[in-house]
Amino acid sequence: MVVKLMPFCPSLSQKPLPKQVQIRTQMKYTTTRRPEILTSSAAASSTSASGLRVFVLSDLHTDYSENMTWVKCLSTTRHKKDVLLVAGDVAEKYDDFVLTMSLLKDCFQRVLFVPGNHDLWCRGEENDFPDSLEKLNKLLDACRGLGVEINPVVIDGLGIIPLFSWYHESFDREKDISGIRILPLEMVIHFLFSLQDLCPEKRMLFYPNLPKIIGSDFLELRIRSIHGAMGSTSACHVFGHTHFSWDAVLDGIRYVQAPLAYPRERKRRMNGGENQLPYCVYSDGKFADKLSHCYWSDYYATNPRSPDITELAPWVARFYNRTWKSEF
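Residues numbered from 1 in each chain as written. Predicted model: local features only at pLDDT ≥ 70, side-chain atom pairs only at ≥ 80, totals over all residues. Heavy atoms only, no water.

We now examine helix α6 (residues 217–227). Extensive coverage of α6 is indicated by the burial of 9 of its 11 residues. Residues Asp 217, Leu 219, Glu 220, Leu 221, Ile 223, Arg 224, Ser 225, Ile 226 and His 227 constitute the buried set of α6. (Buried < 20%, exposed > 50% of the residue type's maximum accessible area, 1.4 Å probe, protein only. Helix = DSSP H or I, 4+ residues; strand = E, 2+ residues; numbered from the N terminus.)

Rendered as structure tokens:
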């Protein structure tokens with residue numbers, strides 16, 4: 001989901017990318033430093049703020065009762081004038097999805113949504129959906145009925161553009177991990193990943209094949225067509241799916257992931273948690289300061305990526321050693 005400050009642009013017209021950045025592999029991404037601006041804690045807690053506030057959230061997974069309880073505990077008065085961006089993976093079951101979005105709409109003045117892979121799964125679904133495309137249409141119909149927005153809007157000069165997309169095999173350009181048996185991929189879709197730099201390297205992951213099913217270079221080209229090849233301080237892309245809290249700037253675009261994730265991940269204190277959610281990314285005409293507790297994006301802010309190294313990280317190696325032993 002693209003967020004762009006548009007003080008002089010009442011429409012959402014697009015400009016084509018320069019030829020030199022039409023191909024993703026020709027683009028060089030570097031981490032840049034953003035100016036100090038309003039902190040998220042100040043933006044989220046301020047009672048005097050009278051301007052637009054935008055909050056972000058992804059990976060609610062309210063099929064888990066703990067997560068549904070978390071949503072039900074959100075204040076129904078604190079955010080009555082605020083906007084919420086929901087970056088996918090709300091719930092697998094249709095009824096849980098509708099209930100969750102209804103609860104969020106009761107809390108926030110405006111809610112915008114893009115679907116994630118779990119939203120479109122048909123497994124364990126009590127409703128009779130022949131396939132994920134049919135379910136997608138039903139979800140979008142439900143959103144329209146609830147007043148949840150799925151189309152581009154401009155609110156107080158801020159352009160918000162939900163982007164639907166599909167993963168593509170060309171996205172993964174890192175060397176595969178060999179020497180271990182990795183479970184085969186299921187059919188998984190996702191709509192929001194645009195750069196492999198927004199995911200830890202394969203050797204760091206318990207599931208090293210994850211980059212094969214999380215993103216698309218074509219989505220990054222689409223984002224650059226909106227924000228421009230070099231981005232700007234008013235450019236932000238909100239995404240979800242991997243459950244890694246993330247906040248980084250790459251070539252002038254800020255990339256933010258603020259997931260609720262699974263209960264077991266929160267109990268293990270993995271990378272943030274519900275205490276910083278929903279995250280206020282924009283308040284009173286300014287983008288908020290950095291999302292806290294982003295282990296991996298903070299790690300790559302000071303450490304270069306080394307995708308050619310395929311030796312497993314110690315914690316991943318221990319995991320696969322235990323798995324092998326249990327099979328024999």
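In the structure shown here, the tally under the stated rule is 15 salt bridges. Salt-bridge contacts for Lys 202 lead to Asp 172; the nearest nitrogen and oxygen are separated by 2.7 Å. Of the two residues, Lys 202 is situated in the loop between β6 (158–161) and α6 and Asp 172 in the loop between β6 and α6; the sequence distance between them amounts to 30 residues. Both residues of the pair, Lys 202 and Asp 172, belong to the buried class. Put simply, Lys 212 and Asp 172 hold a salt bridge, and the shortest N to O gap is 2.9 Å. With Lys 212 in the loop between β6 and α6 and Asp 172 in the loop between β6 and α6, this residue pair connects regions lying 40 residues apart in the sequence. (Salt bridge = Lys/Arg side-chain N within 4 Å of Asp/Glu carboxyl O.)

Classification of Lys 202 as buried rests on a relative accessible area of 2%. Here Asp 176 takes part through its side chain, which lies 2.6 Å from a polar atom of the side chain of Lys 202. Ignoring any residue separated from it by four or fewer positions in sequence, one finds Lys 202 in contact with Asp 172, Glu 174, Lys 175, Asp 176, Ile 177, Gln 196, Pro 208, Pro 211 and Lys 212. (Polar contact = N/O pair within 3.5 Å; in protein donor to acceptor, adjacent residues only side chain to side chain. Contact = heavy atoms within 4.5 Å.)

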